[in-house]
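So you can see what is in the structure, the chains are spelled out below.
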Amino acid sequence: MKQKHLVVISAVFLLIAFVAGALYYRSEQTKAATQAYQSNKSTFVRDYSPTRGNPGAKVEIVEFFDPACGTCKEFSPLVKKMMDAHPDKIRLIARYAPFHEGSEGVVKMLAAAHKQGKFWETLEALFAAQSNWTQQHRARPELAWNYIGGIGLDIVKLRQDMNAPDIDKMIQQDMEDVKKLNVKATPEFFVNGKPLPSFGYDQLKNLVDDALAAAY
Amino acid sequence: MHAPASAEDSNWTLLFVCWLLACVSTLGSLFFSEVMGFAPCILCWYQRICMYPLVLILPAALFPLDRNVVRYALPLSLLGTVIAVFHLLLVAGYIPESIKPCVQGVPCTEVQIEWFGFVTIPLLSGLSFLVITALLIMVYRRSST
């Protein structure tokens, strides 16, 4: 019957349009991010951003993260493993994206710890205890203090530093870059400027492998 | 008993257009949330609750044509229209902050897209609900005479 064909064809057409639109949108995003990485790299790496790995590495993973984000915690050891597998070839850059309620206070803590050169140790300790200070997607910085005692931080200095205006500025700058780079969820990875085609560990690994193959 | 074939045909077409609109709205909203990554606010969710069922209810009434579907679809589209209008008034600032129903997560007053300077997501939703409602009422009127 003609009417039935019309309905089926419409449904198929709409679905194809949706998928095509999604693919087109993704490819435009990738193009825009890659261009921005070449023309305006500071959007990806600020001079105050904590980094890990060889500064001269040719593969850069930029990670926008939230200390209260469970998936960021899950990815942390995976990224580390990836870096260990290719020593000196990968550099990780951490960017703040405090999307959870209350996590800005924890980010301030991390930024102040970075001033003492202990960003990664502090982050690791916070991730390890994450479920203790994040409840129902709400970060509670006052509880997070209990878990950063064993790292050798100067807590008095940390408390002073974390409320300094320069740290506010850093976080604001990172949030501006979040908007510019269209980061909507954490963790968001960019490998040499390329965003993940879709979210997942394999997708990240593929991007990194491709970048390694291209650079080395 | 049976309406003339031409009236049947135009009722069928009206319901079909309603269904198309519901599909486009559903896929559009999914595009905003799943592809572009906009988190839906609570009012958006209520509007989705009214819109998504239409995608399944309306085609069931196309084969064979069942005008009674208006009785099931109209309450959904009317409610959706009301929520969309409320949402628009909230964004426009005509409804004061104090009775804003959402404080956590994404605020409903946040404007995530603005095409041509005035086309927002709640406007698209409201238009879609309004047209669906109008078409359903047309089908209802025809069947009652």
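Refer to the structure printed above.
Residues numbered from 1 in each chain as written. Chains lettered and ligands numbered in written order. Predicted model: local features only at pLDDT ≥ 70, side-chain atom pairs only at ≥ 80, totals over all residues.

1. Some remarks on the packing of helix H3 (residues 103-115) of chain A against helix H4 (residues 119-128) of chain A
Residues and elements named next belong to chain A.
Phase 1: Running from N to C, H3 and H4 point in directions that differ by 145°, and their axes come no closer than 7 Å. Here Val106, Leu110, Ala113 and His114 of H3 come into contact with H4, specifically with Phe119, Thr122, Leu123 and Leu126.
Phase 2: In terms of residue class, the contact of H3 with H4 is made up of six nonpolar, two polar and no charged. (Axes fitted to C-alpha atoms, helices over the stretch in contact; angles between N-to-C directions. Helix = DSSP H or I, 4+ residues; strand = E, 2+ residues; numbered from the N terminus. Contact = placed C-beta atoms within 7 Å. Nonpolar A, V, L, I, M, F, W, Y, C, P; charged D, E, K, R; others polar.)

2. A word on the sheet that holds strand S7 (residues 194-195) of chain A
Residue and element names in this part refer to chain A.
Phase 1: Overall, mixed pairing links the five strands, which are arranged S1-S3-S2-S6-S7 in an open sheet. Looking at the sheet topology across the chains shown, the edges are occupied by strand S1 (51-52) and S7.
Phase 2: Alignment of strand S2 (residues 59-65) against strand S6 (residues 188-191), held across four bridges, turns out to be antiparallel. Among the inter-strand pairings, Val62 is bridged to a residue of S6, identified as Phe190. (Pairing = 2+ DSSP bridges.)

3. Some thoughts on the environment of Ala94 of chain A
Residues and elements named next belong to chain A.
Phase 1: By the secondary structure assignment, Ala94 is in strand S3 (residues 90-96).
Phase 2: Expressed as a C-alpha distance, the spacing of Ala94 and Phe119, which sit 25 residues apart in the sequence, is 9.7 Å.
Phase 3: Setting aside anything within four residues of it in sequence, one finds Ala94 in contact with Ser49, Pro50, Glu63 and Phe65.

4. Overview of the interface of chain B and chain A
Phase 1: Each partner contributes residues to the interface: chain B has twelve residues there, and chain A has eleven residues.
Phase 2: Per-class residue counts for the side of chain B that touches chain A are eleven nonpolar, one polar and no charged.

5. Topic: the packing of H3 of chain A against helix H7 (residues 155-162) of chain A
All names here are of chain A.
Phase 1: Where H3 contacts H7, the two axes come as close as 8 Å, and the packing angle between them is 120°. Considering the angle they form, H3 stands oblique to H7. Between H3 and H7 the crossing geometry is right-handed. Counted together, Lys108, Met109, Ala111, Ala112, Ala113 and Lys115 of H3 and Leu158, Asp161 and Met162 of H7 form the full contact between these two elements.
Phase 2: Here the contact of H3 with H7 is built from residues that sort into six nonpolar, no polar and three charged. (Parallel < 35°, antiparallel > 145°, perpendicular 65-115°, else oblique. Left-handed = near helix turned anticlockwise from the far one by under 90°.)

6. A few points about the nonpolar core
Phase 1: Ranked by internal contacts, the top residues of the largest apolar core, which has 50 residues, are Ile61, Ile90, Val106, Met109, Val191 and Val208 of chain A.
Phase 2: Top contributing element to this core by residue count: H3 of chain A, with seven residues.
Phase 3: Among residues more than four places away in sequence, those in contact with Val191 of chain A are Val59, Ile61, Leu207, Val208 and Ala211 of chain A.
Phase 4: The next biggest cluster of nonpolar side chains, apart from the first, holds 29 residues, and it includes Ala22, Cys41, Val69 and Ile83 of chain B. (Core = buried A, V, L, I, M, F, W, Y, C linked by C-beta atoms within 7 Å. Buried ≥ 20, exposed ≤ 12 C-beta atoms within 10 Å, placed from the backbone.)

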